[in-house]
Protein chains: 2
Amino acid sequence: MATANIREVAHRAGVSVSTVSNVLNRPLTVAPATRQRVLAAIEELGYVRNDSARQLRAGRSRTIAIVVMDIGNPFFTDVVRGAERAAEERGAMVIVCNSGDSSERERRHLELLEEQRVQGILITPLHDGVAPARDGRESPLAQIIERGTPVVLVDRESGRHNRCSVAVHDVLGGRLAGEHLVEQRHRRIAFVGGPFSIRQVAERHRGLSEAVAERGGPGAELSVFTTDALTAEAGRTAGEEIAALPAAQRPTAVFCANDLLALGVLQVMTMHELAVPRDMAIVGYDDIEFAGSAAVPLSSIRQPRAQLGRAAAQLLLEEIYAGAEHQHRNVVFKPELVVRRSSSEPHRRRLAGRPGPRQAMGPRTEE
Amino acid sequence: MATANIREVAHRAGVSVSTVSNVLNRPLTVAPATRQRVLAAIEELGYVRNDSARQLRAGRSRTIAIVVMDIGNPFFTDVVRGAERAAEERGAMVIVCNSGDSSERERRHLELLEEQRVQGILITPLHDGVAPARDGRESPLAQIIERGTPVVLVDRESGRHNRCSVAVHDVLGGRLAGEHLVEQRHRRIAFVGGPFSIRQVAERHRGLSEAVAERGGPGAELSVFTTDALTAEAGRTAGEEIAALPAAQRPTAVFCANDLLALGVLQVMTMHELAVPRDMAIVGYDDIEFAGSAAVPLSSIRQPRAQLGRAAAQLLLEEIYAGAEHQHRNVVFKPELVVRRSSSEPHRRRLAGRPGPRQAMGPRTEE
DNA sequence: CGCAGGGTCTGAAACGTGTCAACCCTCCCC
DNA sequence: GGGGAGGGTTGACACGTTTCAGACCCTGCG
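Rules used in this analysis
- Residues numbered from 1 in each chain as written.
- Chains lettered and ligands numbered in written order.
- Predicted model: local features only at pLDDT ≥ 70, side-chain atom pairs only at ≥ 80, totals over all residues.
- Heavy atoms only, no water.
- Near = heavy atom within 4 Å.
- Polar contact = N/O pair within 3.5 Å; in protein donor to acceptor, adjacent residues only side chain to side chain.
- Helix = DSSP H or I, 4+ residues; strand = E, 2+ residues; numbered from the N terminus.
- Nonpolar A, V, L, I, M, F, W, Y, C, P; charged D, E, K, R; others polar.
- Pairing = 2+ DSSP bridges.
- Axes fitted to C-alpha atoms, helices over the stretch in contact; angles between N-to-C directions.
- Least-squares fit on C-alpha atoms with pLDDT ≥ 70 in both.
- Contact = heavy atoms within 4.5 Å.
- Buried < 20%, exposed > 50% of the residue type's maximum accessible area, 1.4 Å probe, protein only.
- Expected span 1.5 Å × (residues − 1).
- Arc of directions from axis to C-beta.
- Buried area = accessible area lost by both parts, 1.4 Å probe.
- Salt bridge = Lys/Arg side-chain N within 4 Å of Asp/Glu carboxyl O.
- Right-handed = clockwise from strand over helix to strand, strands pointing away.
- Phe/Tyr/Trp six-rings, centres within 6.5 Å; stacked < 30°, edge-to-face > 60°.
- Lys NZ or Arg CZ within 6 Å of the ring centre and 35° of its normal.
- Disulfide = S-S within 2.5 Å.
- Parallel < 35°, antiparallel > 145°, perpendicular 65-115°, else oblique.
- Left-handed = near helix turned anticlockwise from the far one by under 90°.

(A) Local environment of the protein's contact with DNA strand D. Near DNA strand D you find 23 residues, and of these A:T19, A:T34, B:I6, B:Y47 and B:R57 are the closest. Sugar plus phosphate: this is where 66% of the atoms of DNA strand D within 4 Å of the protein reside. Within the side chain of A:T34, one N or O atom sits 2.4 Å away from a phosphate oxygen of DNA strand D. In the model, a base nitrogen of DNA strand D is placed 3.4 Å from a nitrogen or oxygen of the A:R57 side chain. Taken together, the elements giving at least two residues each to the surface near DNA strand D come down to α2 (17-25) and α4 (51-58) of chain A together with α2 (17-25) and α4 (51-58) of chain B. Looking at the surface near DNA strand D element by element, the count peaks at four residues for α2(B). Here the residues of the surface near DNA strand D are counted per class, giving eight nonpolar, 10 polar and five charged.

Next up, the structure:
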């Protein structure tokens, strides 16, 4: 039952242990006949290399890890795919860890990954993660970086400069949404999202509020509906609140911190027979695959997700191979507004002299 | 930069290596004062246990792996979550590998996992995976099982009896959809799905066709639109084909092999101004979260996904701990029909004397 | 006072692999 | 014929940990 080891292979092939190791790692230095005998022995015994011993000797593993906040969020799946592709090009394998919105799990994963001496870690930490906790101890993540494991922050900007990060400019995303809604002549605009402790939520809100303040004109009002999660369920809750308002106070446009929220809001509006976009325009964030297939195709801010993952993995691999010469970089991608029916009445006359914003039907396949 | 090892810790604390090891593994056998000194040294040096060495000594790791076909498919995310929860209860960590519909990647992942001596593997193999290939060699997965790594098949029934499996009864799922559509008086029914080499696709089709043959009456016809993938994109392609048919030949109901396909079909129908469900009823499969939020809320076959993952992990852990005494089991869950608007005209008169099938609004949260 | 026994601590031996210097042998060239 | 080059192979050690059989000391009891 216990798997054969290299010694048994050597014995069976009538060679030394070193020769077997050579066959596995530098086949060209071994005479063809010997090589054949060794390979045959490996086959017959069902020998499988023991990676623990290998790593122990080598000092590190050949895998990189990506730790995501929520594997159920479609945003991360594209990031993972992009990262996998970049890693594959360099012969590295990616393992995915799901912290599932639990910092306890995140901590355990990080601990395990460091003990396993993974080559590097891509992570979207739950709580910006790199700031020291109140008791003055550094966060687990900061300690890991301190001790030398390369880490690239995904979808987070790194305040300090001892690490790489890739992110999408969230303030700009909120701004794009705000400008779009203001252009559509909306004056009562709502933001749906939360908790605000999530940096993205805060920044998207900030972008929106800047746009409304600067471009909305005198009568523009911005209200906020705080949610306790970024889920469709939370969106439905917020939607109910909004729908319950008297029509005169109700916002005419909603910008949601992500698409799941937006779908929840959209669903509730439909249930209450509030027409989208006539009675209520909706803009989401992330442009998930289903955004284009929603009850009313959903306008959304598209983030270059696969590119994000790919860039993150590339930075990580560069840091791994370049070592001390590596210069940390913070890459920021620009999001893009995708206008669909949920925020632009197709029958309404366009403003003269300006091409309307681009209309997209289905999601575009990345890359 | 190189992380401190146990020897340096021992030296700093003025004790032997064994004592440090004892502090880590059997703290009670070490005198409190010594223990404190050792812990302090660990802290000061930032010592992190080397899992490779640990595993090498122990012979196996403490993680189990789950290999999924497509991390972007929401079906798998719930399975992963269920598995994680069950593993967590036993103190095991789960790592996720995405084969991304590439058998090359699947192979490499399996190789790596076996080399890492993971405790066990949950896998939904791409090509039923356990049958020997044409050249007579056993598939990689079969070899892994042969050599003693516990494996539980997820969403696959194991033909042979040398492994556990958890699955959902797919023929029954197809049958539920078929009976439902036949009851709604549909006579021209289409199946959208593919490739048929995927067992689930074939079985869902079989269930549908059995139901139509047995209960559809004399005039019932079943047509098939084969897709090359289970994506919304493929669904749109099939939808275009269907919409292009003259109305007299066009099916009045479509059963899709999964929800992504169904959403694609639904979207195209809406674009072509074919009303759902009046002109075209649609039933999907999987009941993903967005099914309830689609253009027209989507009827679907719900699979107990989290339960599936949980049961799989439990079987795996049982096999790991029980060892030779373990009895392999094949657990089959029953799917459930969730009727929403896409397949039942709410204004149509109900058949007398029978309560209509249950109406569900939003997705129910699992567990 | 002697001895048993428990509480602490330690040295040495694994675990399975990769690496490296050293060795052997053959072949070629001078 | 001698010497050198180089291809092929090997033995020994190192990687960092756990484990196990003791060794040591101290206490309590006969």
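(B) Seen up close, the sheet that holds strand β12 (residues 336-338) of chain A. Residue and element names in this part refer to chain A. Strand order in the open sheet formed by six strands is β7-β6-β8-β9-β10-β12, and the pairing between neighbours is mixed. The open sheet has two free edges, formed respectively by β7 (221-226) and β12, since each of these has just one partner strand. For this sheet, the mean inter-axis angle between neighbouring strands, taken without regard to orientation, is 20°. Here strand β6 (residues 188-193) runs beside strand β8 (residues 253-256); their pairing, made up of four bridges, is parallel. Paired with V192 across the two strands is C256, which belongs to β8.

(C) Fine view of the relation of the copies chain B and chain A. Of the two same-sequence chains, chain B is brought onto chain A (RMSD 0.2 Å, axial shift 0.1 Å) by a rotation of 180°. Classification of the inter-copy transformation places it as that of a two-fold axis. In this assembly the copies share their binding face: 98% of the residues contributing to the interface of chain B also contribute to that of chain A.

(D) Spotlight on the protein's contact with DNA strand C. Near DNA strand C there are 22 residues, and of these A:I6, A:Y47, A:R57, B:S18 and B:T34 occur at the shortest range. Near the protein, within 4 Å, the atoms of DNA strand C are sugar or phosphate in 63% of cases. Within the contact set of DNA strand C, a phosphate oxygen lies 3.1 Å away from a side-chain nitrogen or oxygen of A:S21. Within the contact set of DNA strand C, a phosphate oxygen lies 3.4 Å away from a backbone nitrogen or oxygen of A:N50. Listed by contribution, the elements that provide at least two residues to the surface near DNA strand C are α2 and α4 of chain A together with α2 and α4 of chain B. Partitioned by chemical class, the residues of the surface near DNA strand C number seven nonpolar, 10 polar and five charged.

(E) Just the side chain of B:S300, in detail. Residue and element names in this part refer to chain B. Note that S300 resides in strand β10 (residues 299-302). The exposure class assigned to S300 is buried, which follows from its relative accessible area of 0%. Within the local environment of S300, its side chain forms a polar contact with the backbone nitrogen of Y285, the two atoms lying 3.3 Å apart. A distance of 2.8 Å separates a polar atom in the side chain of S300 from the backbone nitrogen of D287. Aside from chain neighbours lying at most four places away, what touches S300 is D259, V283, G284, Y285, D286, D287, E336, L337 and V338.

(F) Inspection of helix α3 (residues 32-45) of chain B at higher detail. Residue and element names in this part refer to chain B. Between its terminal C-alpha atoms α3 stretches 20 Å, which fits the 20 Å expected from 14 residues at 1.5 Å a residue. Those residues of α3 that sit buried are T34, V38, A41 and I42. Across the axial projection of α3, the buried residues extend over an arc of 100°, all falling on one side. Set apart from the buried face of α3 by more than 90 degrees, the exposed residues are P32, A33, Q36 and E43. Each element contacted by the buried residues of α3 is listed here: α1 (6-13) and α2.

(G) Representation of the interface of chain B and chain A. The interface of chain B with chain A comprises 57 residues on the first partner and 56 residues on the second. Buried area between chain B and chain A, both sides added, is near 5300 Å², and the carbon and sulfur share of it is 55%. For the chain B face of the interface with chain A, the top three residues by lost area are B:M93, B:E115 and B:F290, together amounting to 12%. Summed over the shared surface of chain B and chain A, the result is eight salt bridges.

(H) Region of the structure containing the pairing of strand β9 (residues 281-286) of chain A. Residue and element names in this part refer to chain A. Within β9, six of the six residues are buried, which leaves the element mostly enclosed by the surrounding structure. With three bridges joining them, β8 and β9 adopt parallel strand pairing. Among the inter-strand pairings, A253 is bridged to a residue of β9, identified as A281. Crossover β8 to β9 through helix α11 (residues 259-271) is right-handed. One ladder, built from four bridges, connects β9 with strand β10 (residues 299-302); its direction is parallel. Bridging across to β10, G284 finds its partner in S300.

(I) Representation of the packing of aromatic side chains. All chains considered together, the criterion is met by nine aromatic pairs over all chains. Judged by centre distance (5.2 Å) and plane angle (80°), the rings of B:F75 and B:F76 are edge-to-face. Take B:F75: its relative accessible area is 3%, and that puts it in the buried class. For B:F76, a relative accessible area of 5% puts it in the buried group. Stacked on the ring of A:Y285, the Lys or Arg A:R204 has its end atom at 3.6 Å from the ring centre.

(J) Representation of the state of the cysteines. In this structure the tally under the stated criterion is zero disulfides over all chains. As a non-bridged cysteine, A:C97 has B:C97 as the owner of its nearest cysteine sulfur, 9.4 Å distant. Under the relative-accessibility criterion, A:C97 is labelled buried at 1%.

(K) View of the sheet that holds strand β6 (residues 188-193) of chain B. Residues and elements named next belong to chain B. Taken together, the six strands give an open sheet; going across it, the order is β7-β6-β8-β9-β10-β12, and neighbouring strands pair in mixed fashion. Across the chains shown, the open sheet's two edge strands, defined by having one partner strand only, are β7 (221-226) and β12 (336-338). Taken over all neighbouring pairs, the strand axes of this sheet differ in orientation by 20° on average, direction set aside. Contacts from helix α8 (residues 170-183) reach β6, β8 (253-256), β9 (281-286), β10 and β12, with the element oriented near 160° to β9.

(L) Summary view of the packing of helix α10 (residues 232-244) of chain A against α11(A). All names here are of chain A. Direction vectors running N to C along α10 and α11 enclose 45°, while the axes themselves pass 7 Å from each other. One finds that α10 runs oblique with respect to α11. For the pair α10 and α11, the sense of crossing is right-handed. Contacts from A232, A234, G235, R236, G239, E240, I242 and A243 in α10 reach L260, L261, G264, V265, Q267, V268, M269 and M271 in α11. Looking at the contact of α10 with α11 residue by residue, the classes come out as 10 nonpolar, four polar and two charged.

(M) Highlighting the packing of α8(B) against helix α9 (residues 199-215) of chain B. Residues and elements named next belong to chain B. One way to put it is that α8 packs onto α9 with a least axis distance of 7 Å and a crossing angle of 40°. Between α8 and α9, the crossing angle belongs to the class labelled oblique. Relative to α9, the crossing made by α8 is right-handed. Residues D170, V171, G174, R175, G178, E179 and V182 of α8 pack against Q200, E203, R204, R206, G207, L208, E210, A211, V212, E214 and R215 of α9. Grouping the constituent residues of the contact of α8 with α9 by class yields five nonpolar, four polar and nine charged.

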